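As a plain string of letters, each chain reads:
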Amino acid sequence: MQIKLTFLGAAQNVTGSRYLVETKKARFLVDCGLYQERELKQRNWEPFSFPPEALDALLLTHAHLDHCGLLPKLIKSGFQGKIHCTAATAEITQIVLLDSAHIQEEDAEFKRRRHKREGRKGPHPEIPLYTTADARSSLSLLSPLKYEEPLQIGEGVEATFYDAGHILGSSMIKVRVRENGEERSILFSGDIGRWDKPILRDPTLFDEADYILVESTYGDRLHQDQGNIDEMLSEVINSTEKAGGNIVIPSFAIERSQEILYHLNNLLMENRIPHLMVFMDSPMAIGVSEVFEHYPELFDQEMMELIRRRESPFDLPGLKTTRTAEESKAINHIKGTVIIIAGSGMCTGGRVKHHLVKEIHRAESTILFVGYQASGTLGRQIVEGAKEVRILGQPYPVRAKVAQIHGFSAHADRDELFRWTSSLKKPPKQVFVTHGESHAAHHFANFLQEKKGWKVSVPSYRDEAVLD
Ligand SMILES: [Zn+2]
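A few points on the structure.

Let us now look at the side chain of Asp-191. Considering the arrangement of structural elements, one finds Asp-191 in the loop between β10 (182-188) and β11 (211-215). One buried charged residue, Asp-191, remains without a salt bridge, the closest side chain of opposite sign being Arg-256 at 10 Å. A distance of 3.3 Å separates the side chain of Asp-191 from the side chain of His-62, its partner in a polar contact. A distance of 3.3 Å separates the side chain of Asp-191 from the side chain of His-166, its partner in a polar contact. In this view, Asp-191 contacts His-62, His-64, His-67, Ala-164, His-166, Glu-215, His-411 and His-435; residues no more than four positions away in its chain are not counted.

Here is the structure:
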């Protein structure tokens, strides 16, 4: 038995997920994500280290950009196989890739103009990494499958997808390889969700696997108690309404925006917040919400119950969706308190910037953060208490209240990662800890090794492992 595994991304960093698996009979990739860390972005431009046309298939765990965002480049470079994923992942991936291509095109154009103005050349060509046309041609290769239905990739090579509970349609993938009467299994964790969260089901647990790749985004941290999301949310809304301001929630389009609607709906039904207009000002979030409506069978018991009781879990009374820029601007003319949910989640782009321009200097308004704010982003500056920030090239004083709710994370923390990994009934031959910054990955690897005595390693970029 000889299986070669090459780590081409999410190895001591959190983005650019990409693993190459080569057996005697099949060669395939698990994920093909975009690098998003500023210092690693140049890897998006490197030619692939393998011939894309020689791949038999691609297995996609879920629709986040750091897992699917390099697909159009792979197809442009000659990949002709199928992209296997769940139907929900296929639908959300369409939205994500078209949006990403649009951003790539805009960025290239913006850089081209700036460099021309400054009379210099940047480190990368001023062309998009891929275009909308490239993204469209990759969509035709998406091949939806169902959870827990084995898929044949090559002779003796089979992959099965399981619910990861991370975002809608997200998967863990177990690959079985049979050669000369022997069998080995490799379990790819994808991104691991959380237990007892609203909307989605809990992550799948496994009894056995020979090799495991486990993510470690929060491998060195424990999430704080999240039982009080509703309490914090109602406090922010009620106090801002009393003060006569607006509530701006910078939010990620996938999952987070829908989760907020879910909580607002609960609070409203329990009469804990007043009836306010709520604007979902993000075409991408609106698109993703529609995908949610197509897959009620993927929800957890509680959510199914809610759906049985009313028509749509995201159809909040007072909810307005704004697709066009004109509709978005019209929000500013409304008198009285409104709640505005807009992207991007870290305020690095999108419509939220325009709302911040209008609200951030108003002491009666609140900016409410519901997601991780990476260093170097406008969101991070605001949560860290900057007195003045630059938005769209202009300085603005920060007078609005700044609030943050941490309980929304879609990633398992250290104990939850351990809960997932240690569900195995017998020790795996080896565990590879991936998808975490170096500190988080090593912390979790040591923790797991100490607790279980298993063979655990933290691979680096381009490392190869031979699984026997
Ligand atoms: Zn993810």
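That was the structure; now back to the text.
Within the first shell, the zinc ion binds the protein through His-62 (NE2), His-64 (ND1), His-166 (NE2) and Asp-191 (OD), at distances of 2.2 to 2.3 Å. Of note is the zinc ion, whose four donor atoms meet at the metal with angles of 92 to 165° in an arrangement that counts as irregular.

Let us now look at the pairing of strand β22 (residues 464-467). A regular strand places its side chains so that they alternate between the two faces of the sheet. Alternating positions in β22 separate cleanly, Ala-465 and Leu-467 being buried on one face and Glu-464 and Val-466 remaining unburied on the opposite face. For strand β1 (residues 3-7) and β22, the ladder comprises four bridges, and the chain directions are antiparallel. Counted as the bridge partner of Thr-6 is Glu-464 from β22.

Our focus in this paragraph is the sheet that holds strand β16 (residues 366-369). Reading across the sheet, the six strands line up as β14-β13-β15-β12-β16-β19 and stay open at both edges, with parallel pairing between neighbours. One side of each edge strand has no neighbouring strand; the edge strands of this open sheet are β14 (319-321) and β19 (401-404). Direction aside, neighbouring strands of the sheet carry axes that sit 20° apart on average. Pairing of strand β12 (residues 247-250) with strand β15 (residues 338-342), which is carried by four bridges, proceeds in the parallel orientation. Paired with Ile-249 across the two strands is Ile-341, which belongs to β15. Relative to β15, helix α6 (residues 256-269) is tilted by about 155°, and along the sheet it contacts β12, β13 (277-281), β14 and β15.

Ranked by size, the top nonpolar core spans 103 residues in total, and within it Phe-28, Leu-59, Leu-71, Leu-74, Leu-168, Phe-188 and Leu-264 carry the most contacts. Not counting chain neighbours up to four residues away, the residues in contact with Leu-71 comprise Cys-32, Leu-58, Leu-60, Ile-83 and Leu-97. Phe-206, Val-431, Ala-445 and Val-456 belong to the second largest nonpolar core, which has 25 residues in total.

It is worth spelling out the sheet that holds strand β3 (residues 27-30) at this point. Two strands in a sheet stick together by hydrogen bonds in their backbones, pointing the same way (parallel) or opposite ways (antiparallel). One open sheet accounts for seven strands, arranged β6-β5-β4-β3-β2-β1-β22; its pairing is mixed. Only two strands of the sheet have a single neighbouring strand rather than two, namely β6 (142-145) and β22. Taking each pair of neighbouring strands and ignoring which way they run, the sheet shows an average axis angle of 25°. Pairing of β1 with strand β2 (residues 19-22) involves four bridges; the strand directions are antiparallel. Bridge pairing in β2 links Lys-4 to Glu-22.

Within the structure shown, the criterion is met by five cavities of 30 Å³ or more. Around the largest cavity, the lining residues are Gly-165, His-166, Gly-193, Arg-194, Lys-197, Pro-198, Ile-199, Leu-200, Arg-201, Glu-255, Glu-259 and Ala-410. Partitioned by chemical class, the residues of the lining of the largest cavity number four nonpolar, three polar and five charged. Forming the boundary of the second largest cavity are 14 residues, of which Tyr-19, Asp-31, Ser-189, Gly-190 and Thr-434 lie nearest the centre. Each residue belonging to the lining of the second largest cavity can be placed in one class, and the counts come to four nonpolar, seven polar and three charged.

Cut-offs and rules
Residues numbered from 1 in each chain as written. Predicted model: local features only at pLDDT ≥ 70, side-chain atom pairs only at ≥ 80, totals over all residues. Heavy atoms only, no water. Helix = DSSP H or I, 4+ residues; strand = E, 2+ residues; numbered from the N terminus. Buried < 20%, exposed > 50% of the residue type's maximum accessible area, 1.4 Å probe, protein only. Lys, Arg positive; Asp, Glu negative; His and termini not counted. Salt bridge = Lys/Arg side-chain N within 4 Å of Asp/Glu carboxyl O. Polar contact = N/O pair within 3.5 Å; in protein donor to acceptor, adjacent residues only side chain to side chain. Contact = heavy atoms within 4.5 Å. Donors = N, O, S within 2.8 Å, 3.2 Å for Na, K, Ca; no water. Tetrahedral: all angles 85-135°; square planar, octahedral: opposite > 155°, others 65-115°. Pairing = 2+ DSSP bridges. Axes fitted to C-alpha atoms, helices over the stretch in contact; angles between N-to-C directions. Core = buried A, V, L, I, M, F, W, Y, C linked by side-chain atoms within 4.5 Å. 1 Å grid on protein atoms, 1.4 Å probe; cavity = no way out; pocket = protein on both sides within 12 Å on 5 of 7 lines; lining within 4 Å. Points joined across faces, edges and corners; volume = space filled by probe spheres on them. Nonpolar A, V, L, I, M, F, W, Y, C, P; charged D, E, K, R; others polar.

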